[in-house]
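Residues per chain, in single letters:
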Amino acid sequence: MKKCMVIINPSSGKEKALEYEKKIIAQLHNYEVVMKETMGEGDATRYAKKACDENYDTVILVGGDGTLNEGINGIAEQPHRPVVGIVPLGTVNDFARALNISLDPDEAIALLGGRTRKADIGKVNDIYFTNIIAIGSLAEAVGEVSVEQKTSLGALAYLFEGVKAAIENDSCNIVITANGQTYKEDIMIFICVLTNSVGSFRQINEDADTSDGLLHGFIVKSTNTLQVVGTAKNLITGNHEKDDNITKFDAQEIQIKADQPLALNVDGDLISQLPAKISVLHNHIEFYCNN
Ligand SMILES: Nc1ncnc2c1ncn2[C@@H]1O[C@H](COP(=O)(O)OP(=O)(O)OP(=O)(O)O)[C@@H](O)[C@H]1O
């Protein structure tokens, strides 16, 4: 019988994640299912790695983008990589959106065990990511949103922190190298994205596909308070070309350094620091999805 490990973060989904346990087991009735509950940081990584070591066929990650990122970090390095299922219970769920997985948990559960598609996985230094790397004061502010804020405010928590950081407008100097070209910029934010869903905005990186083998980089220059709102709007609505403060490029590898200590926001959490080497692992993991 095929083996499936279900990794549930009970703190996600407004703390209702465990309610889906029975439905997942019913959906995967032809699998031997082992349930694991995370207690805190690193658990999803450890359980997912164990599933690879023990040749599980499938790993289901039940939680938000944080749980997904941790699970992928347990799988990406391993020679045997199970098919991954996602039950998205986060506030943003960018990767699930990009793979066309319903944000309705019941509909997402109905996809488990069905059609699959391979997707690219990003690597920054020795950490893996599914969706985004961000650098700059805005990226730091978003990374500092607490689990409690997200539980009570949902996506608004990100909006509050983002607006606060944009108004304070702390800039930083970074050097980015990609495709043999070097950009030395005073930035408000730099983002490197794999998919077409960025903080749930779908127009920023509309043409990207989860399996295009590319990193999509956006350098947003630091600007004066008057221009900040216009530039943010142009970024969000995909009007990059008409805004001199935004430079967009695609690459397979990006190197970034700075002369000051700068945190790296990886899939929504501050978990590393510059310097960074970012690369893409093409079609590296197979996911249950609707495509
Ligand atoms: N039992 C638990 N109680 C509290 N926190 C937990 C528990 N298990 C895991 N965590 C933590 O939850 C975080 C991940 O939460 P989640 O999956 O909701 O992602 P998220 O990044 O908060 O998602 P989103 O931003 O989309 O809401 C990780 O930091 C992890 O360490």
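Calculation notes
- Residues numbered from 1 in each chain as written.
- Predicted model: local features only at pLDDT ≥ 70, side-chain atom pairs only at ≥ 80, totals over all residues.
- Near = placed C-beta within 6 Å.
- Helix = DSSP H or I, 4+ residues; strand = E, 2+ residues; numbered from the N terminus.
- Nonpolar A, V, L, I, M, F, W, Y, C, P; charged D, E, K, R; others polar.
- Domains from an automatic or database assignment.
- Buried ≥ 20, exposed ≤ 12 C-beta atoms within 10 Å, placed from the backbone.
- pLDDT = per-residue confidence, 0-100.

Draft legend 1. Summary view of the site of the ligand. Around the ligand there are 20 residues in total, and Gly63, Gly64, Gly66, Thr67 and Gly90 lie nearest to it. Those elements that place two or more of their residues in the shell around the ligand are helix 4 (65-75) and helix 8 (147-153). If one sorts the elements of the shell around the ligand by residue count, helix 4 sits on top with three residues. Considered class by class, the residues forming the shell around the ligand number four nonpolar, 13 polar and three charged. Domain assignment of the residues forming the shell around the ligand places at least three in each of domain 1 (2-120) and domain 2 (132-282).

Draft legend 2. Highlighting helix 4. In terms of burial, helix 4 is a largely internal element, 11 of the 11 residues being buried. Among the residues of helix 4, Asp65, Gly66, Thr67, Leu68, Asn69, Glu70, Gly71, Ile72, Asn73, Gly74 and Ile75 are the ones counted as buried.

Draft legend 3. Molecular detail of the confidence of the model for the protein chain. On average, the protein chain scores 88 in pLDDT, and the residues at 70 or more come to 89%. Here the predicted complex scores 0.90 on pTM and 0.97 on ipTM.

Draft legend 4. A look at unusual backbone geometry. In this model, leucine 274 is joined to proline 275 through a cis peptide bond whose omega is 5°. Relative to the helices and strands, proline 275 is located in the loop between strand 14 (269-273) and strand 15 (276-288). Within the chain, asparagine 55 stands out as a residue other than glycine whose phi angle is a positive 60°. Relative to the helices and strands, asparagine 55 resides in the loop between helix 3 (43-53) and strand 3 (58-63). A count of 9 C-beta atoms within 10 Å places asparagine 55 in the exposed class. Despite not being glycine, asparagine 125 shows a phi value in the positive range, around 50°. Among the secondary structure elements, asparagine 125 is positioned in the loop between strand 5 (116-124) and strand 6 (127-129).

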